[in-house]
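# Summary of the model geometry
Each chain, written out:
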Amino acid sequence: METKIGSLDSCKPATCNDVGSLPSNGVVSTIQSSAVPFNSAEATLGRHLARRLVQIGVSDVFSVPGDFNLTLLDHLIAEPGLTLIGCCNELNAGYAADGYARARGVGACVVTFTVGGLSVLNAIAGAYSENLPVICIVGGPNSNDYGTNRVLHHTIGLPDFSQELRCFQTVTCFQAVVNNLEDAHELIDTGISTALKESKPVYISVSCNLPAIPHPTFSREPVPFSLSPNDGRRTETVAKACNAFVQLADSCGYALAVMPSAKGLVPEHHPHFIGTYWGAVSTAFCAEIVESADAYLFAGPIFNDYSSVGYSLLLKKEKAIIVQPDRVVIGNGPAFGCVLMKDFLIALGKRLKPNATAYENYHRIYVPDGHPLKSEPKEALRVNVLFQHIQKLLSGETAVIAETGDSWFNCQKLKLPQGCGYEFQMQYGSIGWSVGATLGYAQAVPDKRVIACIGDGSFQVTAQDVSTMLRCGQKSIIFLINNGGYTIEVEIHDGPYNVIKNWNYTALVDAIHNGEGNCWTTKVRCEEELIEAIETATGAKKECLCFIEVIVHKDDTSKELLEWGSRVSAANSRPPNPQ
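Per an unreviewed UniProt entry, the chain goes by pyruvate decarboxylase and derives from Sesamum angustifolium. You can read under Subunit (unreviewed entry) in the UniProt record for the chain the words "Homotetramer." Turning to the chain, the UniProt annotation filed under Sequence similarities (unreviewed entry) states: "Belongs to the TPP enzyme family."

So, about the nonpolar core. Side chains that are nonpolar tend, in soluble globular proteins, to be buried together. Counting residues in hydrophobic clusters, the biggest one holds 60 residues, and the most contacted among them are F62, I124, V134, F168 and F459. Among all residues touching V134, those that are not within four sequence positions of it are A97, D98, A101, G107, C109, I124, A127, K200, P201 and V202. Listed in part, the 43 residues of the second largest apolar core include L386, A402, L530 and A537.

Although it is not a glycine, H154 sits at a positive phi angle of roughly 65°. Mapping H154 onto the fold places it in the loop between β5 (134–140) and α5 (163–168). The class of H154 is partly exposed, set by a relative accessible area of 26%. Positive phi is not limited to glycine here, since V309 has a value of about 55°.

Bringing the side chain of Q412 into the picture now. Among the secondary structure elements, Q412 is positioned in helix α12 (residues 406–412). Not counting chain neighbours up to four residues away, the residues in contact with Q412 comprise P260, K263, T276, W278, S407, Y422 and F424.

Here the focus is the sheet that holds strand β19 (residues 545–551). One open sheet accounts for six strands, arranged β15-β14-β16-β17-β19-β18; its pairing is parallel. Pairing within the sheet leaves two strands with one partner each, and these edge strands are β15 (421–424) and β18 (519–524). Averaged over neighbouring strand pairs, the angle between their axes works out to 15° when direction is ignored. Lying over the sheet, helix α11 (residues 383–393) contacts β14 (398–402), β16 (449–455), β17 (477–482) and β19, oriented at roughly 170° with respect to β17.

This structure, assessed with the given rule, holds 22 aromatic pairs. Ring geometry for F459 against Y505: centres 6.0 Å apart, planes inclined by 65°, an arrangement best described as edge-to-face. Note that F459 is positioned in helix α14 (residues 456–462) and Y505 in helix α17 (residues 505–513), a separation of 46 residues in sequence. You'll find F459 and Y505 in the same group, each marked buried. The structure contains a cluster of three or more aromatic residues connected by ring pairs, namely W278, Y306, W408, F409, Y422, F424 and W564. The positively charged end of K200 is found above the aromatic ring belonging to Y128, 4.0 Å away from the centroid. Above the ring of Y422, the side-chain terminus of K263 is found at 5.6 Å from the ring centroid.

Conventions adopted
- Residues numbered from 1 in each chain as written.
- Predicted model: local features only at pLDDT ≥ 70, side-chain atom pairs only at ≥ 80, totals over all residues.
- Heavy atoms only, no water.
- UniProt positions renumbered as here; feature names shortened; annotations may be inferred.
- Core = buried A, V, L, I, M, F, W, Y, C linked by side-chain atoms within 4.5 Å.
- Buried < 20%, exposed > 50% of the residue type's maximum accessible area, 1.4 Å probe, protein only.
- Contact = heavy atoms within 4.5 Å.
- Helix = DSSP H or I, 4+ residues; strand = E, 2+ residues; numbered from the N terminus.
- Pairing = 2+ DSSP bridges.
- Axes fitted to C-alpha atoms, helices over the stretch in contact; angles between N-to-C directions.
- Phe/Tyr/Trp six-rings, centres within 6.5 Å; stacked < 30°, edge-to-face > 60°.
- Lys NZ or Arg CZ within 6 Å of the ring centre and 35° of its normal.

This is the structure we're talking about:
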């Protein structure tokens, strides 16, 4: 992590030696040249930042206006190829940038000083936990106020402007405070390049009086920062590692599984794919094969209390090869650093002898999935019936967003067709994430129809930005699963605090719609109504944002949540170790 703060002298003249040059060490920049003559009105700090975002593949920026960022927003709007999307609050703007980065490889949001920055902070922390390069831009105080003893609004009433910066230092890999023109070019470009190289969020604060001012440095060729051929953008890096992983599976014949957070990264139609390994709540027959194997290779795993089902995985360290993005650990033995995952997997695939024993064992014990009991006419809708019908919706032209909660487990059981996207926030698990993430993901890939599965408790946290989906003309399908509370928390530890006030969710969305944009809502209480709703959403209303409120019993959960909840509860309630 690195923090850079501009000097207080904003009037220092530029020297003729401040012209950037391309690196001479053989590495290349992923940012393309778009030099602008200095006398052009476009050679301003604001337009420089806007151009940089466009150059790295960002065509939409999620924002909430505030007095410290208004001038900057003017310059972002003026940039061809960049669309400014106003969100209802900063938290959702951050979640939208998160969802956008999952699809595009990088995302960006713009908020105002402190009140906006601290509001977006939770979303940036989530992006950090999920290794997402999000450029968080904050409109900061006037450059003349730095170094004075003035107290500004949007602060806690102290003449100290660093509170926001200090908060971001632990959830971003680079922080820059741009309060003078002389080093603005370097700070901005270094921040953006660091986000791409580290695949983590960065924080860039820009003084409110600087965006409209031209400076010679903003006409430079791309900064002499560079990305080595082994860095690249997140989507390219992940794709190459995933391809190498599949190539390894092809060459060795081993059984192939994913941990829950990796669902969607490898093709589920692979001939040796056996499902999701998630300990006691794994896909049927998957855990038995993984945990009984003579050895197992994990690529990029995160073994936390959630992914390990309360630390209950039956794995033996001495049998594991753990491959991380830049290191390999073999059992209890040596660890090798400076080894890229992609390179290691490709090299290993060339040396392994084919061995299909594990997959053959799986094939012998495998019993096909059963089907939910057939519903009686007008019988209350069950969650397993709902997801049986969601499965039929999936294709290469769809993407699934699974909210924290029982949707984790129900969506995990969906079989993804080739090309179908899938995202959820496994590590951070912030309820409400999916509303903003759906907005951002759908904006990033308009050719896919996003299918979001959201619980009622989570929806109440971030519901407002359905409004922004409508303003953007998105056509996602939202299944709002109304079971009257925080079901995932009920299964960990029940109490009256897990019961929420019921809303008329379709009426709420209709009110947000207010006759502007294309929106269709409906409530379903039985399978017949669900079938009719899906037919409408994929037929007559296929060009609309479709909001389907699914009313189910409060105790209707997946069996996986019941098992997972009891194990996580046991892990949470362990007594203190003896002192």
